[in-house]
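Chain residues, written in single-letter form:
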Amino acid sequence: MEHSRRRIALIRVLTSRDPQVLESHGKILMALFPEWDVCSYCIPDQPEGIHDEETKKRALPKIERLAFSLLPENFDGIIVSCADDPAVESLRRQLSIPVIGAGRSTALLALGVGRRVGVIGITDETPAGMKDILKDFLIKEIRPKEVHSTLDLMTPEGRAAVLKEAMNLKKEGADVIALACTGMSTVSLASEIKKEVNIPVIDPVSAEGALMWATLGF
């Protein structure tokens, strides 16, 4: 039996004119879910994405405006590809199609494979949505000193800092690592970390895709 294709709108909170950067998350999802057609969009004037309360505040209305502008395109679902899940709850209340974010998705999958979760992100604190789910299973949250925004993850220094902190989390007893920035998916850090530390690592873009897939069904 052949299943119908699904059309997914993916919203990036990092403004980019580079098609490789813009479409990177969509390519990950279409490789995992070949029955999907993912169309990627980004909000304007957020060159560093979301990495603190001020950048999140500026981004929220832009995400909502973009999401509503996509409704005539008849998408089956919307993914906000950010671990902070910005505007996700608001859009869920207003739209009739599924809206999924990366943060809660990553936390849920982390609890599916471990009970001592270490989080690596680009902010000093784990996003609230992730904390709501992880609760006492979150044993430690780390922002590498060299990393302040998603752009830092694209540098050799940023990548090396993330790998170092991942090893530290394992030493402190983490049995699974949850990545709290979708920029880490852009540069394929999950597979690199898993190879180095040899414990499960939850990739946020893969996680948001898994939750959307579970929501939509076959």
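Residues numbered from 1 in each chain as written. Predicted model: local features only at pLDDT ≥ 70, side-chain atom pairs only at ≥ 80, totals over all residues. Heavy atoms only, no water.

To continue, consider the overall build of the chain. Per the secondary structure count, the chain includes ten helices and eight strands. For the chain, the C-alpha radius of gyration of 16 Å lies close to 17 Å, the compact-globule estimate for 218 residues. In terms of overall dimensions, the chain has C-alpha extents of about 50 × 45 × 30 Å along its principal axes. Within the chain, the proportion of its 218 residues that are buried is 51%. Across the chain, every contact between residues at least 6 apart in sequence was considered, and the portion connecting residues at least 24 apart equals 65%. For the chain, the accessible area works out to roughly 10,500 Å², and carbon and sulfur atoms hold 52% of it. Each charge class in the chain was averaged separately, 27 positive and 31 negative side chains, and the resulting centres sit 2 Å apart. (Helix = DSSP H or I, 4+ residues; strand = E, 2+ residues; numbered from the N terminus. Rg over C-alpha atoms; globule rule 2.2 N^0.38 Å. Buried < 20%, exposed > 50% of the residue type's maximum accessible area, 1.4 Å probe, protein only. Contact = heavy atoms within 4.5 Å. Areas by Shrake-Rupley, 256 points an atom, 1.4 Å probe, with all protein chains shown as cover. Lys, Arg positive; Asp, Glu negative; His and termini not counted. Charge placed at Lys NZ, Arg CZ, Asp CG, Glu CD.)

Below, the discussion takes up the nonpolar core. Nonpolar side chains tend to gather and get buried jointly when the protein is soluble and globular. If you look at the biggest cluster of nonpolar residues, it comprises 21 residues, and the most contacted ones within it are I120, L153, V162, I177, L179, M184 and I193. Of all elements in the fold, only helix 7 (156–171), strand 7 (176–180) and helix 9 (189–197) reach the threshold of two or more residues within this core. Other than its neighbours up to four places away in sequence, V162 contacts I120, P144, V147, L153, M184, L189 and I193. The next biggest cluster of nonpolar side chains, apart from the first, holds 19 residues, and it includes I43, I50, F75 and L91. (Core = buried A, V, L, I, M, F, W, Y, C linked by side-chain atoms within 4.5 Å.)

This part takes up the pattern of salt bridges. Evaluated as defined, the whole model comprises ten salt bridges. A salt bridge links R92 to E89; its shortest N-O distance comes to 3.0 Å. Placement of both R92 and E89 in helix 4 (residues 88–94) is noted, with a separation of three residues, approximately one turn of the helix. Its relative accessible area of 36% is what places R92 among the partly exposed residues. Judged by relative accessible area, E89 falls into the partly exposed class, the value being 36%. Two residues, K131 and E141, come together in a salt bridge whose shortest N-O distance is 3.4 Å. In this pair, K131 sits in helix 6 (residues 128–134) while E141 sits in strand 6 (residues 138–142), placing the two residues ten residues apart along the sequence. When salt bridges that share partners are traced, they join E125, K131 and E141 into one network. (Salt bridge = Lys/Arg side-chain N within 4 Å of Asp/Glu carboxyl O.)

A few words on the packing of aromatic side chains. On inspection of all chains with the given rule, the structure shows two aromatic pairs. Pairing F33 with W36 gives two aromatic rings, centres 4.4 Å apart and planes at 25°, and the pair type is stacked. Residues F33 and W36 agree in their burial class; the two are buried. Measuring from centroid to centroid gives 6.3 Å for Y41 and F75, while their planes differ by 85°, and the two rings are edge-to-face. Of this pair, Y41 sits in strand 2 (residues 36–42) while F75 sits in the loop between helix 3 (53–69) and strand 3 (77–80), and the two are 34 residues apart along the sequence. Overall, the relative accessible area of 25% leaves Y41 in the partly exposed class. (Phe/Tyr/Trp six-rings, centres within 6.5 Å; stacked < 30°, edge-to-face > 60°.)

Between its first and last C-alpha atoms helix 5 (residues 102–113) spans 17 Å; for twelve residues at 1.5 Å apiece the expected length is 16 Å, and the two agree. Of all the positions in helix 5, only A102, G103, S105, T106, A107, A110 and L111 are classed as buried. (Expected span 1.5 Å × (residues − 1).)

Strand pairing in a sheet relies on backbone hydrogen bonds, with the paired strands running either antiparallel or parallel. Strands sit in the order 6-5-7-8 across an open sheet of four strands; the sheet is parallel. The open sheet terminates on both sides in strands that have one partner only, identified here as strand 6 and strand 8 (201–202). Here strand 5 (residues 117–121) pairs with strand 6 via four bridges, running parallel. Of the residues in strand 6, the one forming a bridge with G118 is K140. Strands in contact with helix 9 are strand 7 and strand 8; relative to strand 7, the strand with the most contacts, it is inclined by about 155°. (Pairing = 2+ DSSP bridges. Axes fitted to C-alpha atoms, helices over the stretch in contact; angles between N-to-C directions.)

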